[in-house]
Amino acid sequence: MSETSRHPARGPQRVLVIDGHPRADSLCHSLAEAFYNGAGECGQEVRFLALRDLAFDRDEVGQELEGDVVTSQGCLTWATHVTVVCPVWWGTMPALLKGWLDRVLKPGFAFAERPDGGWEGLLKGRTATIILTLDTPHFIFRWLLGSPAVRALRDATLGFCGIGPTQVILFGPIRTSTAERRSGWLAESKMAGKSLEHQFYTRPMVRFKNWLRIARLQFYGFPAMAVTAGGLAGMSAYPEQRSWAVLAVALLGAAALEFITVLTNEIHDLKTDTANANSGPMTGGSRMLVDGHLTVAEVKRARLMVMAGLVVLAGCLWMMTPGAGLEMSALLLLGGIMGIGYTAPPMKLVYRGFGELIVAFTHSALVVMVGYVSQGGSVGDEIPWRFIAPMFLAILPSIILAGFPDYEADLAVGKRTLAVGLGRRAAAMVACACTGLAAAVQLMLFAREAPLVVTMAILGHALALGWQLLRQVREPREGRMDGLLVLALSYMVWFVIGPLWHFGSRLVGE
């Protein structure tokens, strides 16, 4: 990725300051100059654009780009941080700034349509600061009006084009402000320019949000439910060894395994994630390494810390469940090996064609058994396997489909997902077959225990998912397919709701 398309994780920034006020004698102009001076004084490279000095037609659509519009696009390409300063008029930005955005942020430069009909921001890897002046009291602007100018500029414009995270600074009310108050605002704006490194890389809240993003919390819900289902099954079978505290530690152990897997994937999938043009909430990684918000060294250190925490949790489980300590340790060790070996050498299981099977196994049999064994059960007991088998099959469609948006990037690096190995059409057929098999095995092995409403939901969901997968077989689609992925991911949830309901009801009825 070129240096103009991502900001460096550390070191000097290339800062573009945009003065969006129509008048040169405005407070906004002074605030923009203060930010410009502050950024320059701390070693940043800085450029300044006063929009009122540019020559462009704000109303004409489809005409050839004027020279100042081309220059503006060049400045945005050059920048790694964009600061926009403007007043809030009628709840939003001035027509001057709106017209400039309309002319500069053109399709093909700032955003593009994906093959699946969605949109892709082309200015990713840039951070932003928005400085707004207003006369409306802050609490009315934020809580009663909903911050319309912020939402329009930060979310619907900069965010849509891929720019973020964005810091927002509000100054006002302006009309009743004193000279001393305005002087304080100028000092604050200058300090914001000086503290870019702190605001976007070392500020605790920003760092915390970056770690939340790389953790990919959307993947932890199902394993937690599966551990709980296994735990409830164990409590029902071995009431004398029932312990909610042990189950809580088992849940932490499963979360640690998931976190280790996610971090390992981020490290070793960096090449394919960088090349992936179809990344989304479920595929393509968190983009924290790709966009430079975190470094590989930081992620490796975090993984070591989580691994150390997993060892501590294993020790706690050994002491809390002396009779099952060996099995618990073996399960956690197996989970760690599979989580790291999924993408990391020398195993690189996903590169050898075993990726989907490994994920289905760890998110069904492994995590269910962690919960079940924590309550005195054994991996040789029949009870949990009756709902593990359909759960394993139900997970496969979503994992197979997750390889579709990543197809081109995975193919380029030799990652042997089923989509790459079989092609999209054949992989969709396999996913469709697994969908039907999951429902059939559920009816054979766990239908009596599962509530009728869950069984009916599984059958209806299987028909809907199967129909969509057959459409994929007939006409394989490229690009992101978030809707189909959500349909597949929600399908597998029914297979853990059944045992949760069944064993939970038995415990409540005791």
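That block above? That's the structure.
Because the structure is a prediction, the values reported are computed rather than measured. (Residues numbered from 1 in each chain as written. Predicted model: local features only at pLDDT ≥ 70, side-chain atom pairs only at ≥ 80, totals over all residues. Heavy atoms only, no water.)

Caption draft 1: Seen up close, the nonpolar core. If you look at the biggest cluster of nonpolar residues, it comprises 80 residues, and the most contacted ones within it are F387, M391, L401, F404 and Y491. The element best represented in this core is helix α14 (residues 355-374), accounting for 11 residues. Once residues within four sequence positions are removed from consideration, Y491 is found in contact with A394, T435, A438, A439, I458, H461, A462 and L465. (Core = buried A, V, L, I, M, F, W, Y, C linked by side-chain atoms within 4.5 Å. Buried < 20%, exposed > 50% of the residue type's maximum accessible area, 1.4 Å probe, protein only. Helix = DSSP H or I, 4+ residues; strand = E, 2+ residues; numbered from the N terminus. Contact = heavy atoms within 4.5 Å.)

Caption draft 2: Up close: helix α9 (residues 221-237). The first and last C-alpha atoms of α9 sit 25 Å apart over 17 residues, in line with the 24 Å expected at 1.5 Å per residue. Among the 17 residues of α9, 12 are classified as buried, and the element is accordingly described as predominantly covered. The set of residues buried in α9 consists of F222, P223, A226, V227, A229, G230, G231, L232, A233, G234, M235 and S236. Check the buried side of α9 and you find it contacts α10 (244-268), α14, α15 (382-402) and α20 (482-509). (Expected span 1.5 Å × (residues − 1).)

Caption draft 3: Structural view of the environment of M282. Locating M282 in the fold gives a position in the loop between α11 (270-275) and α12 (296-320). Measuring from C-alpha to C-alpha, the distance between M282 and Q218 comes to 8.1 Å, with 64 residues separating the pair along the chain. Among all residues touching M282, those that are not within four sequence positions of it are R216, Q218, F219, L485 and L489.

Caption draft 4: View of helix α1 (residues 27-41). For α1, spanning 15 residues, the distance from its first C-alpha to its last is 21 Å, which sits close to the expected 21 Å at 1.5 Å a residue. Burial in α1 covers these residues: L27, C28, H29, L31, A32, A34, F35, G38 and A39. Looking one or two residues beyond α1, the residue adopting positive phi is G43, at roughly 95°.

Caption draft 5: Spotlight on the environment of G121. Inspection of the secondary structure assignment puts G121 in strand β5 (residues 119-121). Exposure remark for G121: the relative accessible area of 11% places this residue in the buried category. For the pair G121 and L158, spaced 37 residues apart in the sequence, the C-alpha separation amounts to 8.9 Å. Ignoring sequence-local partners within four residues, the contact set of G121 consists of A110, F111, F160, C161 and G162.

Caption draft 6: The sheet that holds strand β3 (residues 81-87), seen in detail. Across the sheet, five strands lie side by side as β2-β1-β3-β6-β7; this open sheet has parallel pairing. Two strands bound the open sheet, and with one partner strand each, they are β2 (45-50) and β7 (166-171). Between one strand and the next, the sheet's axes are offset by a mean angle of 15°, whatever the strand orientation. For strand β1 (residues 14-19) and β3, the ladder comprises five bridges, and the chain directions are parallel. Pairing of V17 across the sheet is with T83, part of β3. Contacts between helix α6 (residues 179-194) and the sheet are confined to β6 (127-133) and β7, with β7 contributing the most and set at about 170° to the helix. (Pairing = 2+ DSSP bridges. Axes fitted to C-alpha atoms, helices over the stretch in contact; angles between N-to-C directions.)

Caption draft 7: Main features of the pairing of β6. Across the seven residues that make up β6, a large majority, seven, are buried. Neither face of β6 is open: one carries T127, T129, I131 and T133, the other A128, I130 and L132, and all of them are buried. Pairing of β3 with β6, which is carried by seven bridges, proceeds in the parallel orientation. Residue pairing across strands places V85 opposite I131, the latter belonging to β6. In this structure, β6 lies alongside β7, joined through six bridges in parallel fashion. Bridge pairing in β7 places T133 opposite F171.

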